[in-house]
Amino acid sequence: SQQGEEDPQALSIQEGENATMNCSYKTSINNLQWYRQNSGRGLVHLILIRSNEREKHSGRLRVTLDTSKKSSSLLITASRAADTASYFCATDGYGGFKTIFGAGTRLFVKA
Amino acid sequence: NAGVTQTPKFQVLKTGQSMTLQCAQDMNHNSMYWYRQDPGMGLRLIYYSASEGTTDKGEVPNGYNVSRLNKREFSLRLESAAPSQTSVYFCASIPAGGGYGYTFGSGTRLTVV
């Protein structure tokens, strides 16, 4: 069973618009990570947020974490065509080495 | 500065054939992982090696074996390939201590016919 589930499954926006993707999970986590995957390539780590953090920024990326709702969101501001990719959330539990990935959100940014 | 290198990039096998997927990292990371990615299912953990000399099963280990040859290399072996093992395989590594993201290889696209 998957821990992280992204929503929506697919998202299409115009260049310059903001893109928001959500991730929900089921059990307590140590941290939550977001990754990007371009078509046919490996995943690239974007940002990690710890369970005691509520918000984190990296360039045009903003990640929030609500542990009471067991959810996280990834906001990409001023999107570009190059942001077209699949985005995955991944959760780390406590005391283990197993990170669980969601099925991803496919983002398409139209130029 | 290669990061995580996987070979081969593509492979077609016949049912019953065997093969080994190779993975090497040059970042001195302690832990290494093998994932498979199937459409609509995200990544599923096959096996992992928390440190040199140890290996453990993940979510979907059946039909696979692994070897942590040294700190740099972690190989995945399919002893008798089945069509259900058609997938894209990713190797990843991570430093010790937690709180870091994974570094992934570029993947091996495997088709079993």
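An account of the accompanying structure is given in this report. All values reported here derive from a predicted model rather than from experimental measurement.

### Examining the state of the cysteines
Phase 1: Throughout the structure, instances matching the rule amount to two disulfides over all chains.
Phase 2: With a sulfur-sulfur separation of 2.0 Å, C23 of chain A is cross-linked through a disulfide to C89 of chain A. In this structure, the disulfide formed by C23 of chain A and C89 of chain A twists by about 65° around the S-S bond and is classed as right-handed. Residue C23 of chain A is found in strand β3 (residues 19-24), and its partner C89 of chain A is found in strand β9 (residues 85-92); the two are separated by 66 residues along the sequence. Per residue, the accessibility class of C23 of chain A equals that of C89 of chain A, and both read buried.
Phase 3: Covalent S-S linkage joins C23 of chain B and C91 of chain B, the inter-sulfur distance amounting to 1.9 Å.

### Quick notes on the side chain of S79 of chain A
Residues and elements named next belong to chain A.
Phase 1: Along the chain, S79 falls in the loop between β8 (71-76) and β9.
Phase 2: With a relative accessible area of 2%, S79 lands in the buried category.
Phase 3: A distance of 2.8 Å separates a polar atom in the side chain of S79 from the backbone oxygen of E17.
Phase 4: With sequence-adjacent residues up to four places away left out, S79 is seen in contact with I13, Q14, E15, G16, E17, R60 and V109.

### Some details on the interface of chain A and chain B
Phase 1: Every contact between the two is made by 20 residues of chain A and, on the other side, 22 residues of chain B.
Phase 2: Together chain A and chain B conceal approximately 1,600 Å² of surface at their shared face, both sides included; 54% is due to carbon and sulfur atoms.
Phase 3: Taken together, the connections running from chain A to chain B amount to zero salt bridges.
Phase 4: For the interface between chain A and chain B, the tally reads four residue pairs in polar contact (both at pLDDT 80 or more).
Phase 5: Contributions of two or more residues to the side of chain A that touches chain B are made by β4 (31-37), β5 (43-50) and β10 (99-101) of chain A.
Phase 6: Considering only residue class, the side of chain A that touches chain B consists of seven nonpolar, 10 polar and three charged.

### Brief notes about the packing of aromatic side chains
Phase 1: Going through the model one piece at a time under the given rule, you end up with 13 aromatic pairs over all chains.
Phase 2: Look at F101 of chain A and Y102 of chain B: their rings are 6.3 Å apart centre to centre, the planes differ by 55°, and that puts the pair in the tilted class. Of the two residues, F101 of chain A sits in strand β10 while Y102 of chain B sits in the loop between β9 (87-94) and β10 (103-104), which places them in two different chains. Note on accessibility: F101 of chain A and Y102 of chain B belong to one class, buried.
Phase 3: With a centroid separation of 5.9 Å and an interplanar angle of 15°, the aromatic rings of Y33 of chain B and Y48 of chain B are classed as stacked. Here Y33 of chain B is found in strand β4 (residues 31-37), whereas its partner Y48 of chain B is found in strand β5 (residues 43-49), with 15 residues between them in sequence. For the pair Y33 of chain B and Y48 of chain B, one class covers both residues: buried.

Here is what the cut-offs are and how they apply
- Along each chain, residue indices are assigned from 1 in the same order as the chain's sequence is written.
- By the order in which they are written, chains take letters starting at A while ligands take numbers starting at 1.
- Restriction of local features to residues with pLDDT of at least 70 applies here, the model being predicted, together with a cutoff of 80 or more for giving and counting side-chain atom pairs; totals for whole chains, interfaces and linings are based on all residues.
- With hydrogens and water set aside, each side-chain value is computed from the structure's full complement of heavy atoms.
- The rule for a disulfide is simple: a pair of cysteine sulfur atoms within 2.5 Å.
- Secondary structure elements follow DSSP: runs of H or I no shorter than four residues count as helices, runs of E no shorter than two count as strands, and numbering proceeds from the N terminus.
- Accessible area is worked out with a 1.4 Å probe on protein chains only. A residue is then buried under 20% of its type maximum, exposed over 50%, and partly exposed in between.
- The term polar contact refers here to a pair of N or O atoms within 3.5 Å; inside protein, the definition further demands a hydrogen-donor-capable atom paired with an acceptor-capable atom, and it admits residues adjacent in sequence only when both atoms are side-chain atoms.
- By the convention used here, residues are in contact when the closest approach between their heavy atoms is within 4.5 Å.
- Accessible area that two parts lose when put together, with a 1.4 Å probe and added across both, is what the buried area reports.
- The salt bridge criterion pairs a side-chain nitrogen of Lys or Arg with a carboxyl oxygen of Asp or Glu, the two atoms within 4 Å.
- Under the scheme applied, nonpolar residues are Ala, Val, Leu, Ile, Met, Phe, Trp, Tyr, Cys and Pro; charged residues are Asp, Glu, Lys and Arg; polar residues are all the others, including Gly.
- A pair of Phe, Tyr and Trp rings is counted when the ring centres sit within 6.5 Å of each other, with Trp represented by its six-membered ring. The angle between the planes then sorts it: under 30 degrees is stacked, over 60 is edge-to-face, the rest tilted.

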